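Residue strings, one per chain:
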Amino acid sequence: NREAAARELPKMAERIAISSVVNTLFKTYLKKGEQGRIVYCGNDTECALLILANQLGLSYEAVRLKYRDDDPKRKCFSFSSDRKRMSTIVEHDGALTVFTKGAAEIVSALCTQYFNKEGELKPADEALRLTVEKAISDFADEGLRTICIASRKLPAGVDLENLDAIEKDLCLVCLVGIEDPLRDEVPGAIQDCKRAGIIVRMVTGDNIQTARAIAKKCGIVMPEDPPSAVMDGKTFRETVCDRNGEINQEAFDKVWPSLRVLARSTPLDKHVLVSGIQESLAFNGVRQTVAVTGDGTNDAPALKKADVGFAMGIQGTEVAKNASDVIIMDDNFVSIVAAVKWGRCVYDNICKFLQFQLTVNLTACFVAVIGASILAQSPLNVIQLLWVNMIMDSFASLALATEDPNADLLRRRPYPRDQPVLSPAMTRFLLCHAAWQMLILFVFIFLFGDICPDSDLTSLCSPGTVIVEGWGDIRSGRPPAFDSQFLPKTLEDCPPVFDPRNNRTYYSPGGNKSLKIPLRPADFCSEAHHSEEMPTQHYTMVFTIFVLLQLFNQINARKIHGEFKVWTGILDNKYFLWILGMEALLQVFMVQFPGLNTAMGCTGLTMTQWVFCFFVGATSLPLNLVVSQLPLSWFTYNLARAGGPAGGDAASDGDRGKKREGDGIKLLSMVDQ
């Protein structure tokens with residue numbers, strides 16, 4: 001109890017308060033926040049020491065007024081990760097005095113005297129050493145950060161630049177146990193990382209007992225972890241580095257997979273850990289991706305070396321921020337988890353758009369090229385292809401790239417950095433849906449439509465005029481040069497102009513010799529049935545079916561890992577619903593609205609034809625259920641080239657009935673942060 005200590009140890013209370021405050025940075029201070037709560041500004045450890053001084057009855061502000069920051073006799077030696085301590089020289093009681101604070105076992109080892117409760121100096125004997133060691137151990141077991149505070153009146157003539165001469169024969173003032181309470185959300189964030197395939201390692205300057213206790217509280221170290229999961233920096237260096245300080249990769253690969261906590265570490269230890277993991281191929285030959293957090297200047301090399309460097313926005317130095325890739329503005333580990341979630345979301349959204357766009361591109365190219373090669377003109381005109389391009393580029397990017405992150409993103413392991421964007425599941429999606437769309441379109445282009453000699457102004461063949469009957473009750477929109485090859489075998493491919501005296505130029509339905517109907521107009525073999533000025537329902541339906549296939553397939557494209565239920569979460573993305581509805585409405589306007597449909601090369605469709613087109617387009621949805629059950633081993637060409645096992649987290653053939661099969665990508669076994 002600090003207040004009781006102030007009453008019982010009046011002579012030591014002032015000394016402890018002064019020793020705690022003098023050796024702190026002036027950029028660390030306390031202020032009152034909402035409802036009178038104290039807000040820490042600057043280093044949390046130093047803020048705790050300022051509160052200690054206040055509770056001992058001596059305002060830290062009063063101490064700082066007496067020992068001013070601009071005092072010419074004041075000299076500060078900043079905290080160093082190598083030295084594990086910080087010292088400040090000021091004029092105190094008429095003499096230059098050094099105040100030192102730092103790692104308890106290191107600073108206490110520099111002390112040859114101590115102040116007893118009456119404030120008297122006593123020599124540090126073996127009994128005191130044992131008492132200090134037990135106190136440090138007890139504090140560490142409770143997860144407290146143990147700091148030793150010491151001071152010394154400097155003799156005249158001492159070299160103020162020689163730290164070894166200054167920081168020796170110190171007088172132990174007190175040991176301080178500081179609790180750095182975990183934020184309530186941190187243990188949950190650690191578990192989220194584990195589910196996401198991210199292994200969290202703690203690299204700290206605290207002693208090994210404190211580090212172990214904190215790691216257990218937040219879930220970094222579990223009861224089943226081996227003793228080698230917690231290691232101090234000195235042991236780590238001696239194990240993984242040779243005499244020249246170079247990493248022994250073979251020895252390193254035996255240590256790092258089980259390592260969870262590195263205590264009493266130096267910036268060099270952090271850099272060695274990052275470098276060694278990056279170079280390791282211990283897991284299936286896959287290079288690990290390493291992310292590092294840091295706030296100090298000495299963390300800059302590790303932040304720079306890491307694949308992703310996270311600097312603290314509040315406590316981080318400018319050097320650390322400049323060396324990092326991402327700055328965490330609130331210094332909260334949960335924000336790192338959010339960054340992982342958003343990163344995966346952006347990557348997935350790109351993949352969604354890519355698999356949809358490639359499917360549309362493949363289908364459109366084949367239809368245009370094959371149609372033009374066989375029919376001498378593309379079934380889709382330039383304006384229609386422009387509309388298709390808007391669907392697959394502009395609108396699709398807005399619809400598919402606006403999906404917000406969800407919890408499922410943290411339930412899978414991450415991909416290796418060299419993994420191709422087009423996964424086996426995406427390849428399966430692309431090839432199967434494109435093949436189905438081309439099959440439907442080619443059937444509708446070449447097998448639908450009756451061949452008859454009626455005028456261009458009609459969309460249906462007149463009763464009794466059909467020479468060759470196709471599927472569907474509509475007139476063929478194909479070029480006559482193509483349709484002429486389907487004339488009856490008794491007629492020439494290109495009949496001559498109608499001549500009532502030549503029975504080869506007409507036909508008589510029902511054997512009625514008095515009724516002579518011309519087989520074809522005179523220009524049948526040289527001109528098409530229709531032109532851009534004279535659109536047909538046949539090609540309008542081809543265009544409409546093509547567009548509706550893409551709109552329904554846009555729903556399928558929301559999932560890239562072979563998920564069975566493509567509707568999951570669709571109501572959460574309002575942009576997707578609005579854009580999908582707008583695309584469908586615009587398609588109706590372009591087909592039905594007079595003038596606009598003429599510009600698009602279309603003509604109005606009947607309600608029956610619209611219903612037919614809708615159901616044909618909707619076949620993309622049940623098809624996706626079938627496609628998702630196809631074995632990914634048929635589409636693993638990229639994994640075989642990568643030299644890794646095919647399938648990743650995909651289910652085996654016997655597991656196809658499950659909700660999710662996976663995307664077939666070889667995943668990282670471990671990713672370290």
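Predicted model, so just to flag it, every value in this text is computed and none were measured.

The subject of this paragraph is the sheet that holds strand β8 (residues 144-153). Spatially, β3-β4-β5-β8-β9-β6-β7 is the arrangement adopted by the 7 strands of the open sheet, whose pairing is mixed. Each edge of the open sheet is held by one strand with a lone partner, namely β3 (75-80) and β7 (121-123). Sheet twist, expressed as the mean angle between neighbouring strand axes with direction ignored, is 30°. With 4 bridges connecting them, β3 and strand β4 (residues 85-92) associate as antiparallel partners.

To continue, consider the pattern of salt bridges. If you walk through the whole model with that rule in mind, you get 19 salt bridges. Here Glu105 ties to Arg264 by a salt bridge, and the two come within 2.4 Å at their closest N and O atoms. Here Glu105 is found in helix α5 (residues 104-109), whereas its partner Arg264 is found in the loop between β13 (261-263) and α12 (267-279), with 159 residues between them in sequence. Accessibility expressed as a relative area gives 17% for Arg264, which makes it buried. Taken together, the shared-partner salt bridges in this structure form one network comprising Arg83, Arg85 and Glu167.

Looking now at unusual backbone geometry. In the Ramachandran plot, Arg264 falls in the positive-phi region, its phi being about 45° despite a non-glycine side chain. In the Ramachandran plot, Asp331 falls in the positive-phi region, its phi being about 55° despite a non-glycine side chain. One can find Asp331 in the loop between β16 (326-328) and α15 (333-375).

This part covers the nonpolar core. Judged by nonpolar contacts, the single largest core of 52 residues is most densely connected at Phe356, Trp387, Phe543 and Ile545. Those elements that provide at least two residues to this core are α15, α16 (382-400), α17 (424-447), α19 (537-556), α20 (574-592) and α22 (607-617). Of all the elements, α19 adds the most residues to this core, at 12 residues. Setting aside its immediate chain neighbours within four residues, Phe356 contacts Ile391, Met392, Ala396, Leu400, Gln550, Asn553, Gln554 and Ala557. Ranked by size, the runner-up nonpolar core spans 28 residues in total, among them Met12, Tyr67, Ile147 and Cys171.

Conventions used here
- Residues numbered from 1 in each chain as written.
- Predicted model: local features only at pLDDT ≥ 70, side-chain atom pairs only at ≥ 80, totals over all residues.
- Heavy atoms only, no water.
- Pairing = 2+ DSSP bridges.
- Helix = DSSP H or I, 4+ residues; strand = E, 2+ residues; numbered from the N terminus.
- Axes fitted to C-alpha atoms, helices over the stretch in contact; angles between N-to-C directions.
- Salt bridge = Lys/Arg side-chain N within 4 Å of Asp/Glu carboxyl O.
- Buried < 20%, exposed > 50% of the residue type's maximum accessible area, 1.4 Å probe, protein only.
- Core = buried A, V, L, I, M, F, W, Y, C linked by side-chain atoms within 4.5 Å.
- Contact = heavy atoms within 4.5 Å.

Any link to function would need more than the numbers given here.
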